[in-house]
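# Survey of secondary and tertiary structure
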Amino acid sequence: MRDEDVDDVMALLAEAVRQWPSPAVTIVSQREGNPFKVLVSCILSLRTQDRTTGPASERLFALADTPATMLALSREQVEGAIYPVGFYRNKAAQILEICRILVEQYDGRVPDDMGRLLSFRGVGRKTANLVITLGFGKPGICVDTHVHRICNRWGYVRTGTPEQTEFALRAKLPGQYWLVINDYLVTFGQNHCTPLSPRCSTCVLGRFCDRIGVTKHR
DNA sequence: AAAACGGGGGC
DNA sequence: GCCCCAGTTTT
């Protein structure tokens, strides 16, 4: 994919993702404007399939949906609510630790800058960028493995790590696409342009794609 | 039964 | 950069 193809690809992508109702990322999108829910949802989704984190986070938020109230929960309560996301002890402990810091040092509010977000254990660039963009509506690019894989598969960027992809996209992706690329590409990556067996033969973006790193395809 | 999945931390 | 982290889902 060449730079001048961006508008065409984004339009085709928007059309393509419409065939998958209630995409998994919508679960996270529904947290829009609520940085705390975005943050907790992201912690739950670490190294798990996104589909499972929606119901799990709903159960947790039914018990508590602010740092102060969630801090009052026991680790066992949190662990029980978030089945079946896995990594229960780590995730429950990290969430409660973040709640404690938010209450004690940040007046119960989630900070809106990269530096402070990254200081929390369990928060990396993907989570921080999602909090900044979805939670606070500020500019940012959230690169998960889907975004990283697909942008490289297209040949739009040539990078080795998601962080490099983030910086490459920040430098070249037109600003009007920053807030939608993650939503589109995650949906697209989960349903069509999958890691192992992308459906290249039925892909509307075929003529724009370099298929870099594609080993098998149907 | 086995392989795929997926962000972050520690070194 | 490399290795590790645990448990659910898919093949």
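Residues numbered from 1 in each chain as written. Chains lettered and ligands numbered in written order. Predicted model: local features only at pLDDT ≥ 70, side-chain atom pairs only at ≥ 80, totals over all residues. Heavy atoms only, no water.

Where helix H10 (residues 145-154) contacts helix H12 (residues 178-191), the axes come no closer than 8 Å and their chain directions differ by 85°. Relative to H12, H10 is oriented roughly perpendicular. Between H10 and H12, the contacting residues are His 146, Val 147, Arg 149, Ile 150, Cys 151 and Trp 154 on the first element and Ile 181, Asn 182, Leu 185, Val 186, Phe 188, Gly 189 and Gln 190 on the second. A class-by-class count of the residues in the contact of H10 with H12 yields eight nonpolar, four polar and one charged. (Axes fitted to C-alpha atoms, helices over the stretch in contact; angles between N-to-C directions. Helix = DSSP H or I, 4+ residues; strand = E, 2+ residues; numbered from the N terminus. Parallel < 35°, antiparallel > 145°, perpendicular 65-115°, else oblique. Contact = heavy atoms within 4.5 Å. Nonpolar A, V, L, I, M, F, W, Y, C, P; charged D, E, K, R; others polar.)

Another aspect to go through is the domain arrangement of chain A. Along its sequence, chain A is carved into domain 1 (3-20 + 141-208) and domain 2 (34-135). In this structure, domain 1 and domain 2 have C-alpha centres spaced 27 Å apart. In this assembly, 12 residues from domain 1 lie in contact with six residues from domain 2. Between domain 1 and domain 2 lies a buried interface of about 680 Å² when both sides are counted; carbon and sulfur atoms form 55% of it. Our count for the contact surface shared by domain 1 and domain 2 stands at one salt bridge. Among the ionic pairs, Arg 125 bridges to Glu 166, the shortest N-O distance being 2.8 Å. Taken together, the links from domain 1 to domain 2 amount to three residue pairs in polar contact (both at pLDDT 80 or more). Secondary-structure elements contributing two or more residues to the side of domain 1 that touches domain 2 are helix H11 (162-172) and H12. Residue classes in the side of domain 1 that touches domain 2 are distributed as six nonpolar, two polar and four charged. (Domains from an automatic or database assignment. Buried area = accessible area lost by both parts, 1.4 Å probe. Salt bridge = Lys/Arg side-chain N within 4 Å of Asp/Glu carboxyl O. Polar contact = N/O pair within 3.5 Å; in protein donor to acceptor, adjacent residues only side chain to side chain.)

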